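Close look at the chain arrangement
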Amino acid sequence: MAYWFINTPGIGSIIVFAVGISVFIAYLRMLRWIQTTPPDPDPKNETSTSDVDK
Amino acid sequence: MTSIPSRESELERIVLAPLRRTSKQFYVVLAGLSLVVLLGAAALANQWRLGLGVTGLNRPVYWGVYITNFVFFIGISHAGTLISAILRVTQAEWRRPITRIAEAITFFALIIGMLQVWIDMGRPERIIFPFIFGRFQSPFLWDFTCVGVYFMSSMLYLYLPLVPDLARLRDRMTDAPRWRHWLYTVMSFGWHGNAEQHRRLEIAIGIMAIVIIPVAVSVHTVVSWIFGMTMQPMWHSTILGPYFVVGAIFSGIAMLFLFMTLLRRAWHLELWIGEKQYNYLGILLLVMSAFWGYFTLAEFLTTGYSTITNETAVFHAKLLGEYAPAFWAMVTANLVIPFAVLMRRQGRKPLGTFIAALSVIIGMWIERFLIVAPSLTRPSLGFMPAVYTPSLTEVAITAGSFALFALLFLLFFKVFPAISVWEVEEGQAVEAVRQKARELAHEGAQPALRS
Amino acid sequence: MTRWGMVIDLDKCVACQSCTAACRMENNTPVAGKNQADMGRTILWNEVLPLANSESPDASEMLIPRPCMHCDDPPCVKVCPVQATYRTDEGVVLINYDRCIGCRFCTVACPFQVRYFNWFEPEWPEALKAHLNPDPEVAPRPRGVVEKCTFCVQRLRKARETAQAEGRPFSATDYVPACVETCTAHARYFGDLDDPNSLVSQLAASPRAFRLQEEMGTKPKVYYLKQG
């Protein structure tokens, strides 16, 4: 019987954390993937608006 | 990729205005909400000092208003999912100005919902125990799993479309207070927004829009299973999962209407949140009202037709007994009023939808209450029907929870733009291209006709 | 393995509620006071309940003493998120008060309403306070946790210790809960249901025997002998 698996205190917590942490890491990697996009070599295409006229 | 023009567009000017200027009314509302939150916090402090006895709970009505609030707020959190995710997946253009508001509702409603579980605990200092001694057979653990994933997902889903706007704020609002400029800089994580980065962002948003739909469905299903897994009359029902999900989406859309209309007025967004949004969303609310009515009928007819003593006792308490006023108020608020208002096109305007949405929110809170309390007043081992009257503490904490919800929402949109600027711009570009294409097709067709 | 169970003969029971009182003195359940009692917050591990007798033609009421059923398949244990409530190898359902988080999931899951919650810090009138059971195993429970009938496990422990001290094997007849000991009409029997020769297992097999809400399938270990 696999009843111990759902009955043992602590295993539930491990499941919660395992699911939570893996989702968290996946999401973090997704963010990192967006963040690390190499910028265009051509400065004309950059959208930096440091030249905003005030 | 469209680069940010150096001069502010009308859209930017309007959307960013509330971030720059603070009106007197804002402080009044802020003070009012804070006062109610403080009142709730004081009531909670008193409850933690004395014990849960300060509530109106008793035996056998062990669960009451707090669990009702928990179900209600988790339900509200489905606003962002449906509106934003489903409309994004189906490429509905009119979604663009309202997705951010919907996503923010999701996020803050989840926070308030999770808070209710803590408020309801007899030993709040042992909140960490389920994370140490968690037993997976308990539906509570399913809730921790699903709500946890949903919380992270909705946070990311709110954050991702915010990034290009944050970069814009970083560049535009150099005159903002330092902490805010710092916040925009850190949160936009060096976004430069070239074509490739935009492509990656769109992919990520696309993934999240799809992922978050089953996650959201799972969340309200396991919330319903807290009740469904027990053998209490009218809880132990297979319909409860889908019924909760339908009710969640229903109340979520209503909350979106409410906040959208208030923010539209306070932040002067009439130009962007307009007829289209009210009309289409109004139809959606109407459809969900019909769905909810169908589920309610299915549930109540099945129970009421039977002669199972335990079940019919609860059924009669709800339809004819002491809960009848609440029950019929719920039916009026969730079915009669939405249908009366939203059936006609003139009803699907800001005022009409505001009334219908307010009615649905009240009705759905009553619905949650009628699921939690009446079943417990008629325990299957029937000795005496129990009475449950919420105490002032419960009223104060509930009011405080609602106020905190509104307060978080208000503060968020004081710092972040209420409308996704880049997405609306994208929509404008799409529209412009379509217009141009139409013109070209028209021009092309003319000579062809002449010859 | 011993499987503790109880039989209550409703023909003998006079509903005097001395079991309720004995249980309170043995297990230190707090006194709610009138206001709290009116709200339905009394803590009576062994309550005598008026139940509608569906089988009687004149729809009379039965008075049923109701301890914890100590179900073999307890719904309360299933739903506890932290295993604060559990079933021992001998079939007794107990609560770990240091673990309970006070979520009250077990209290709503129990179809017999045997589980009670400590709404406030436990209190006793001065006169009663002097008579609290000094046994640390039944020390007053703190506020915010759930408690219920334990079949007087502290008595079981003491009986085992006595047997060991006297150098004889422990027998199932060495121990009875306080309600059984005190029952003025001798309507209660207690013992090992797994022992075919025990009085309880024989009474439980009687044609008069029934259990509350048997259709729920929780397999209660408290049997009643039908009235009349």
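Residues numbered from 1 in each chain as written. Chains lettered and ligands numbered in written order. Predicted model: local features only at pLDDT ≥ 70, side-chain atom pairs only at ≥ 80, totals over all residues.

1. Points about the overall build of chain C
How we decide: Secondary structure elements follow DSSP: runs of H or I no shorter than four residues count as helices, runs of E no shorter than two count as strands, and numbering proceeds from the N terminus. Both definitions apply: the radius of gyration is a C-alpha atom measure, and the globule rule equals 2.2 Å times residues to the power 0.38. Exposure in this text rests on C-beta crowding, where 20 or more other C-beta atoms within 10 Å of a residue's own make it buried, 12 or fewer make it exposed, and counts in between make it partly exposed. The C-beta atoms are placed from the backbone. Residue pairs are scored as contacts if the distance between their C-beta atoms, which are placed from the backbone, is within 7 Å.
Scanning chain C from terminus to terminus reveals eight helices and 10 strands. For chain C, the C-alpha radius of gyration of 17 Å lies close to 17 Å, the compact-globule estimate for 228 residues. Across the 228 residues that make up chain C, the buried fraction comes to 47%. Expressed as a percentage of contacts within chain C between residues at least 6 apart in sequence, the contacts between residues at least 24 apart total 62%.

2. A look at the nonpolar core
All names here are of chain B. Worth spelling out the cut-off: Defined on buried residues, the nonpolar core groups Ala, Val, Leu, Ile, Met, Phe, Trp, Tyr and Cys residues joined through C-beta atoms within 7 Å.
Judged by nonpolar contacts, the single largest core of 207 residues is most densely connected at Ile 101, Ile 105, Ile 253, Ala 254, Leu 256 and Leu 285. Here the element with the most residues in this core is helix H11 (residues 240–266); it accounts for 17 residues. Apart from the residues lying within four places of it in its own chain, the contact partners of Ile 253 are Ala 79, Leu 82, Ile 83, Leu 281, Leu 284, Leu 285 and Met 288.

3. Quick look at the confidence of the model for chain A
For clarity, the threshold we go by: A residue's pLDDT is the confidence the predictor assigns to it, expressed on a 0 to 100 scale.
Of the residues in chain A, 76% have a pLDDT of 70 or more, and the chain-wide mean is 82. Every residue in residues 50–54 of chain A scores below 50 in pLDDT, and together they form six contacts with partners more than four places removed in sequence or on other chains.

4. Concerning the pairing of strand E1 (residues 4–9) of chain C
All names here are of chain C. Note the cut-off: For two strands to count as paired, DSSP must find a minimum of two bridges between them.
For E1, a buried count of six out of six residues is recorded, marking the element as mostly surrounded by other parts of the structure. Along E1, one buried face is formed by Trp 4, Met 6 and Ile 8 and the opposite face, lined by Gly 5, Val 7 and Asp 9, is buried too. Looking at chain direction, E1 and strand E10 (residues 222–225) are connected through four bridges and run parallel. When the sheet's bridge partners are listed, Met 6 is paired in E10 with Val 222.

5. A short note on the interface of chain C and chain B
You'll often see interface size given as the accessible area lost when the parts meet. Worth spelling out the cut-off: For this classification, Asp, Glu, Lys and Arg are treated as charged, while Ala, Val, Leu, Ile, Met, Phe, Trp, Tyr, Cys and Pro are nonpolar and the rest, including Gly, are polar.
Between chain C and chain B, the contact holds 38 residues from the first and 34 residues from the second. Elements represented by at least two residues in the side of chain C that touches chain B include exactly strand E2 (47–52), helix H3 (75–79), helix H4 (105–109) and strand E6 (116–117) of chain C. Of the residues assigned to the side of chain C that touches chain B, the class counts are 25 nonpolar, seven polar and six charged.

6. A word on helix H12 (residues 275–305) of chain B
Residues and elements named next belong to chain B. Counted only if it meets this: To estimate the expected span of a helix, count its residues, drop one, and scale the result by 1.5 Å.
Here H12 is 31 residues long and its end C-alpha atoms lie 44 Å apart, about the 45 Å a rise of 1.5 Å per residue gives. Among the residues making up H12, those that are buried are Gln 277, Tyr 278, Leu 281, Gly 282, Leu 284, Leu 285, Met 288, Ser 289, Trp 292 and Thr 296. Those residues of H12 hidden inside the fold are in contact with H11, helix H14 (324–342) and helix H15 (350–377).

7. Examining unusual backbone geometry
For the bond from Arg 59 of chain B to Pro 60 of chain B, the omega torsion is 10 degrees, close enough to zero to count as cis. Note that Pro 60 of chain B resides in the loop between helix H2 (24–50) and helix H3 (65–76). Backbone geometry at Met 234 of chain B places phi at a positive 65 degrees, although glycine is not the residue there. Relative to the assigned elements, Met 234 of chain B resides in the loop between helix H10 (195–228) and H11. A count of 23 C-beta atoms within 10 Å places Met 234 of chain B in the buried class. Positive phi values are uncommon outside glycine, yet Phe 151 of chain C reaches one of about 55 degrees. Along the chain, Phe 151 of chain C turns up in the loop between strand E7 (146–147) and helix H6 (153–165). Classification of Phe 151 of chain C as buried rests on a count of 27 C-beta atoms within 10 Å.

8. Structural notes on the packing of H2 of chain B against helix H16 (residues 392–415) of chain B
Residue and element names in this part refer to chain B. Cut-off, in case you're wondering: Comment: axis = line fitted to C-alpha atoms, over the contacting stretch for helices; angle = value between 0 and 180 degrees taken between N-to-C directions. Oblique is the label for any angle not covered by the other classes, which are roughly parallel (under 35 degrees), roughly antiparallel (over 145) and roughly perpendicular (65 to 115). Crossings are assigned a handedness: left-handed for a near helix turned anticlockwise from the far helix by less than a right angle, right-handed for a clockwise turn.
In the contact formed by H2 and H16, the axes pass within 7 Å of each other and the chain directions differ by 140 degrees. In terms of orientation, H2 and H16 fall into the oblique class. In this structure, H2 meets H16 at a crossing whose hand is left-handed. Broken down by class, the residue content of the contact of H2 with H16 amounts to 17 nonpolar, seven polar and no charged.

9. Points about the environment of Ser 188 of chain B
All names here are of chain B. When you line up the elements, Ser 188 lands in the loop between helix H9 (178–187) and H10. Since 21 C-beta atoms lie within 10 Å of it, Ser 188 is described here as buried. As for Ser 188 and Asp 143, which are separated by 45 residues in sequence, their C-alpha atoms are 32 Å apart. Those residues in contact with Ser 188, other than ones at most four positions away along the chain, are Val 163, Leu 166, Ala 167 and Arg 170.

10. Some words on helix H4 (residues 78–89) of chain B
Residues and elements named next belong to chain B. The first and last C-alpha atoms of H4 sit 16 Å apart over 12 residues, in line with the 16 Å expected at 1.5 Å per residue. Burial runs high along H4: 10 of the 12 residues are buried. On the buried face of H4, the contacting elements are H3, helix H5 (99–120), helix H7 (139–159), H10 and H11. Among the residues trailing H4, Gln 91 stands out with phi positive, at a value near 60 degrees.

11. Points about the sheet that holds E1 of chain C
Taken in spatial order, the four strands make up an open sheet running E8-E1-E10-E9 (chain C), and their pairing is mixed. Taken across any chain shown, the strands that pair with only one partner, and hence form the sheet edges, are strand E8 (188–192) and strand E9 (209–210) of chain C.

12. Quick word on the pairing of E8 of chain C
Residue and element names in this part refer to chain C. Burial analysis of E8 places five of its five residues in the buried class, the great majority of the element. Across five bridges, E1 lies against E8 in antiparallel orientation. Its bridge partner lying in E8, Val 7 is registered against Tyr 189.

13. Description of the packing of helix H8 (residues 163–172) of chain B against H9 of chain B
All names here are of chain B. Closest axis-to-axis distance for the H8/H9 pair is 8 Å, and the angle between their directions is 140 degrees. Considering their axes alone, H8 and H9 lie oblique with respect to each other. Judged by the sense of rotation from one axis to the other, the crossing of H8 with H9 is left-handed. The segment H8 lies against H9, with Leu 166, Leu 169 and Arg 170 engaging Tyr 184, Thr 185 and Met 187. A class-by-class count of the residues in the contact of H8 with H9 yields four nonpolar, one polar and one charged.

14. What to know about the environment of Lys 226 of chain C
Looking at where Lys 226 of chain C falls in the secondary structure, it is placed in the segment after E10. Residues in contact with Lys 226 of chain C, not counting those within four places in the same chain, are Leu 10, Arg 208 and Phe 210 of chain C.

15. Points about the environment of Ala 248 of chain B
All names here are of chain B. Here Ala 248 shows up in helix H11. Ala 248 gets classed as buried once you count the C-beta atoms within 10 Å, which come to 31. For the pair formed by Ala 248 and Val 415, sequence separation is 167 residues and the distance between their alpha carbons is 28 Å. Non-local contacts of Ala 248, meaning those with residues more than four positions away in its chain, are made with Gly 75, His 78 and His 220.

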